[in-house]
Amino acid sequence: MTGFDEIAIQGFHAHVYYDAATLEQARALCEEAARRFPLQMGRMHQKPVGPHPDWSCQLAFAPEVFADLVPWLALHRGGLVVFIHPQTGDELVDHRDRAIWMGAVRPLDLTCLM
């Protein structure tokens, strides 16, 4: 495989990170995103889940939503960190090598994806 072979993206996940102080801000952001865009909003986790080092809420969306949702998140995240990755079937590579970060890059615990 060359670096430019076609890779199919089935969807994307945007993970909004927060803590106790920003929980309600994150909830409002995620709920508004779910109201405005065709996406699936996950639970508001109040502990680290999977590879994520912070509390988070997942927004799952189709590739055709990316061009509208991601700029909206950039404008409305209010300082929250948002981690976005594609879903190609290779979770480790998607989280490690294909990630898009808004705000500070946080250290993921990728051992659960190996």
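Look up: the structure comes first, before these words.
None of these values were measured; they are calculated from a predicted model.

Asks: Help me out: how do you make sense of the overall build of the protein in this one?
Replies: Scanning the protein from terminus to terminus reveals three helices and five strands. Secondary structure elements of the protein, listed N to C terminal, follow the sequence β-α-β-β-α-β-α-β. Computed over its C-alpha atoms, the radius of gyration of the protein comes to 14 Å, within 12% of the 13 Å expected for a compact globule of 114 residues. Each of the three principal axes of the protein carries a C-alpha extent, and together these read 45 × 30 × 20 Å. The buried share of the protein, taken over its 114 residues, is 39%. Contacts in the protein between residues at least 24 apart in sequence constitute 61% of all its contacts with a sequence separation of at least 6. Within the structure as shown, the protein displays about 6,500 Å² of accessible surface, and the carbon and sulfur contribution to it stands at 54%.

Asks: Would you take a moment to explain the pairing of strand E4 (residues 82-87) for this structure?
Replies: Of all six residues in E4, five are buried, a share of seventy percent or more. In this structure, E4 lies alongside strand E5 (residues 100-102), joined through three bridges in antiparallel fashion. When the sheet's bridge partners are listed, Val82 is paired in E5 with Met102.

Asks: When you look at the sheet that holds E4 in this model, what are you seeing that I'm missing?
Replies: Note on sheets: strands pair through backbone hydrogen bonds, and any given pair is parallel or antiparallel. With antiparallel pairing, five strands are arranged side by side in an open sheet as E2-E3-E1-E4-E5. Every interior strand has two partners, whereas the edge strands, strand E2 (39-41) and E5, have only one. Averaged over neighbouring strand pairs, the angle between their axes works out to 20° when direction is ignored. Inspection of the sheet shows E2 paired to strand E3 (residues 55-61) by three bridges, in the antiparallel sense. Bridging across to E3, Met41 finds its partner in Leu59.

Asks: Explain the nonpolar core to me, please; I cannot follow it from the model alone.
Replies: Side chains that are nonpolar tend, in soluble globular proteins, to be buried together. Core analysis: the biggest nonpolar cluster contains 24 residues, and Val16, Leu59, Phe61, Leu69 and Leu73 have the highest contact counts within it. Elements with a contribution of two residues or more to this core: strand E1 (11-18), helix H1 (23-36), E3, helix H2 (66-76) and E4. Excluding residues that lie within four positions of it along the chain, Leu73 makes contacts with Ala14, Leu29, Leu59, Val82 and Met102.

Asks: Would you mind showing me how to read the state of the cysteines here?
Replies: Two cysteines joined by a covalent bond between their sulfur atoms form a disulfide. Scanning the model with the defined rule gives zero disulfides in all. In this structure Cys30 is not part of a disulfide, and its nearest cysteine sulfur, from Cys57, lies 3.7 Å away. Exposure remark for Cys57: the relative accessible area of 0% places this residue in the buried category.

Asks: Honestly, the side chain of His52 in this entry has me stumped. Any pointers?
Replies: One can find His52 in the loop between E2 and E3. Aside from chain neighbours lying at most four places away, what touches His52 is His15, Tyr17, Phe83, His95 and Leu108.

Definitions and cut-offs
- Residues numbered from 1 in each chain as written.
- Predicted model: local features only at pLDDT ≥ 70, side-chain atom pairs only at ≥ 80, totals over all residues.
- Heavy atoms only, no water.
- Helix = DSSP H or I, 4+ residues; strand = E, 2+ residues; numbered from the N terminus.
- Rg over C-alpha atoms; globule rule 2.2 N^0.38 Å.
- Buried < 20%, exposed > 50% of the residue type's maximum accessible area, 1.4 Å probe, protein only.
- Contact = heavy atoms within 4.5 Å.
- Areas by Shrake-Rupley, 256 points an atom, 1.4 Å probe, with all protein chains shown as cover.
- Pairing = 2+ DSSP bridges.
- Axes fitted to C-alpha atoms, helices over the stretch in contact; angles between N-to-C directions.
- Core = buried A, V, L, I, M, F, W, Y, C linked by side-chain atoms within 4.5 Å.
- Disulfide = S-S within 2.5 Å.

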